[in-house]
Amino acid sequence: MQRRRFGRTGFDGSVLVYGAAMLSDVDQDTADASVQEAFDAGITSFDTAASYGASEERLRPWADRLSSPDVFLATKVEERGYEAAWASIERSLARLGVDRVDLLQVHAVGETEVLDQVTGPRSATSGALGAVLRAQTEGLTRFVGITGHGHAAPAVHREALRRHDFDTVLSPWNHLLARRPDYAAEFHGLVADCEARDVGLRTIKTVSRRLWPDGAEHTYTTWYEPWDDPEHVDAAVAFALAEPGVAAIASPGDVRLLGATVRAVERAGTPAALDADDVDRVLSGAAGYASPFASALDGR
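Residues numbered from 1 in each chain as written. Predicted model: local features only at pLDDT ≥ 70, side-chain atom pairs only at ≥ 80, totals over all residues. Heavy atoms only, no water.

**Student:** Sorry if this is basic, but what is going on with the overall build of the protein chain here?
**Tutor:** The helix and strand tally for the protein chain stands at 13 helices and 12 strands. In terms of overall dimensions, the protein chain has C-alpha extents of about 50 × 40 × 40 Å along its principal axes. A total of 300 residues make up the protein chain; the buried ones form 56% of that total. Summarising the internal contacts of the protein chain: among those between residues at least 6 apart in sequence, 75% fall at separations of at least 24. Counting only carbon and sulfur atoms, one obtains 48% of the accessible surface of the protein chain, whose full area is about 12200 Å². (Helix = DSSP H or I, 4+ residues; strand = E, 2+ residues; numbered from the N terminus. Buried < 20%, exposed > 50% of the residue type's maximum accessible area, 1.4 Å probe, protein only. Contact = heavy atoms within 4.5 Å. Areas by Shrake-Rupley, 256 points an atom, 1.4 Å probe, with all protein chains shown as cover.)

This is how it looks when you write it as structure tokens:
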């Protein structure tokens, strides 16, 4: 599997990150099989969160391997205030069975109002960010990052970098979002900001197709309907990895989608990889392709 340097962290990691949201509601045997599948595929980065159901507990049996120097382990804090965020960090480490993680991320910051909450009204030490920075000072994490969803996410993450020198950013990017001129402009501005400051940039929602239609059966555990056929998964992955400023993409949140995503990533690194024209042919006219944040456009 291809590798790329993850900004100033210096980690030379796989271009596919194991999105451990897929472990939120599975038993331990299923989790173990999926994590082993990831290691067998050459995945070297694992990303979970306190809010991902049982995910952290499911990773605990793998604590020794996840703590090794050749693996990069990240988790996330979704609480907004200092005290609640600090308690969340302590719980996460206990659930994971580790003394520290490589990266702690202030999670789900996709609106300016939320950014205000996590950075605090007076200083970076009065909100959730302050708790994460304390964890860094105390050696509980090596690096500090920020994540978020929504159509405003790239703009909010650019503002976050102006307020604090985050080490990493996790922001949405896919072929559909790139067709929105306002979104694309802010995302490419974020890429430039990250490159200028050596901030590691990873992306999410690579294989998102759309929000689940009203009344549709949710056949996957993802909160959005994913692409699951090889043609569209290949094109979606090829598009995301064609962005040179992106260090890695996160896998979708269902264990059944990992294999198809791995195969697409592997193909993207070969001479047979889809080029931009191929990607546009597959995705530009794809039926039912819409933003996973479509409700934000409707004011819902």
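**Student:** Any chance you could explain the packing of aromatic side chains here in plain terms?
**Tutor:** Two measures describe an aromatic ring pair: the distance that separates the ring centres and the angle between the ring planes. Per the stated rule, a full pass over the model turns up 12 aromatic pairs. A centroid spacing of 6.2 Å and a plane angle of 35 degrees characterise the contact between Trp 223 and Phe 293, whose relative ring orientation is tilted. With Trp 223 in the loop between strand S10 (208-211) and strand S11 (224-226) and Phe 293 in the loop between helix H12 (276-283) and helix H13 (294-298), the pair connects residues that are 70 residues apart, well separated along the chain. Residue Phe 293 is classed as buried on the basis of its relative accessible area, which comes to 6%. Here the aromatic residues Phe 6, Phe 11, Phe 72 and Phe 143 are joined through ring pairs into a cluster of three or more. The positively charged end of Arg 202 is found above the aromatic ring belonging to Phe 6, 3.8 Å away from the centroid. (Phe/Tyr/Trp six-rings, centres within 6.5 Å; stacked < 30°, edge-to-face > 60°. Lys NZ or Arg CZ within 6 Å of the ring centre and 35° of its normal.)

**Student:** So what exactly am I meant to see when it comes to the nonpolar core here?
**Tutor:** Among soluble globular proteins, nonpolar side chains are generally buried collectively. Judged by nonpolar contacts, the single largest core of 82 residues is most densely connected at Tyr 18, Leu 23, Phe 46 and Ile 89. Ranked by the residues each element gives to this core, the list is headed by helix H10 (residues 230-241), at eight residues. Beyond its immediate sequence surroundings of up to four residues, Phe 46 is in contact with Val 17, Tyr 18, Val 35, Ala 38, Phe 39, Leu 66, Val 71, Phe 72, Leu 73 and Ala 74. One finds Phe 11, Ala 74, Leu 103 and Ala 247 within the second-largest nonpolar core, a separate group that totals seven residues. (Core = buried A, V, L, I, M, F, W, Y, C linked by side-chain atoms within 4.5 Å.)

**Student:** Just to check I follow, could you spell out unusual backbone geometry for this structure?
**Tutor:** Trans peptide bonds make up the majority, and among non-glycine residues the majority have a negative phi. With phi around 60 degrees, Ala 108 is a residue other than glycine that occupies positive phi space. Mapped onto the secondary structure, Ala 108 falls in the loop between strand S6 (101-106) and helix H5 (112-119). Residue Lys 205 is not a glycine yet carries a positive backbone phi of 70 degrees.

**Student:** Would you explain the environment of Thr 206 in this entry?
**Tutor:** Along the chain, Thr 206 turns up in the loop between strand S9 (200-204) and S10. A C-alpha to C-alpha distance of 9.6 Å links Thr 206 and Thr 261, two positions 55 residues apart in sequence. Excluding residues within four positions of it along the chain, Thr 206 makes contact with Trp 173, Asn 174, Ala 236, Val 237, Ala 240, Ile 249 and Ala 250.

**Student:** Would you mind going over the confidence of the model for the protein chain with me for this structure?
**Tutor:** Low-confidence regions, as indicated by low pLDDT, have predicted coordinates that should not be scrutinised in detail. On average, residues of the protein chain carry a pLDDT of 95, and 96% of them reach 70 or more. Taken as a whole, residues 296-300 scores under 50 in pLDDT and shows four contacts with residues more than four places along the chain or in a different chain. (pLDDT = per-residue confidence, 0-100.)

**Student:** Which parts of the structure should I look at to understand the sheet that holds strand S4 (residues 45-47)?
**Tutor:** Paired through backbone hydrogen bonds, the strands of a sheet run either parallel or antiparallel to each other. Pairing is parallel in the closed barrel, where eight strands are placed in the order S3-S4-S5-S6-S7-S8-S9-S12. Each adjacent strand pair in this sheet contributes to an overall mean axis angle of 25 degrees, direction not counted. Where strand S8 (residues 168-172) and S9 come together, five bridges link them in parallel fashion. Following the sheet pairing, Val 169 is matched in S9 by Leu 201. Across the face of the sheet, helix H11 (residues 258-268) comes into contact with strand S3 (16-19) and strand S12 (248-250) while running at roughly 170 degrees to S3. (Pairing = 2+ DSSP bridges. Axes fitted to C-alpha atoms, helices over the stretch in contact; angles between N-to-C directions.)

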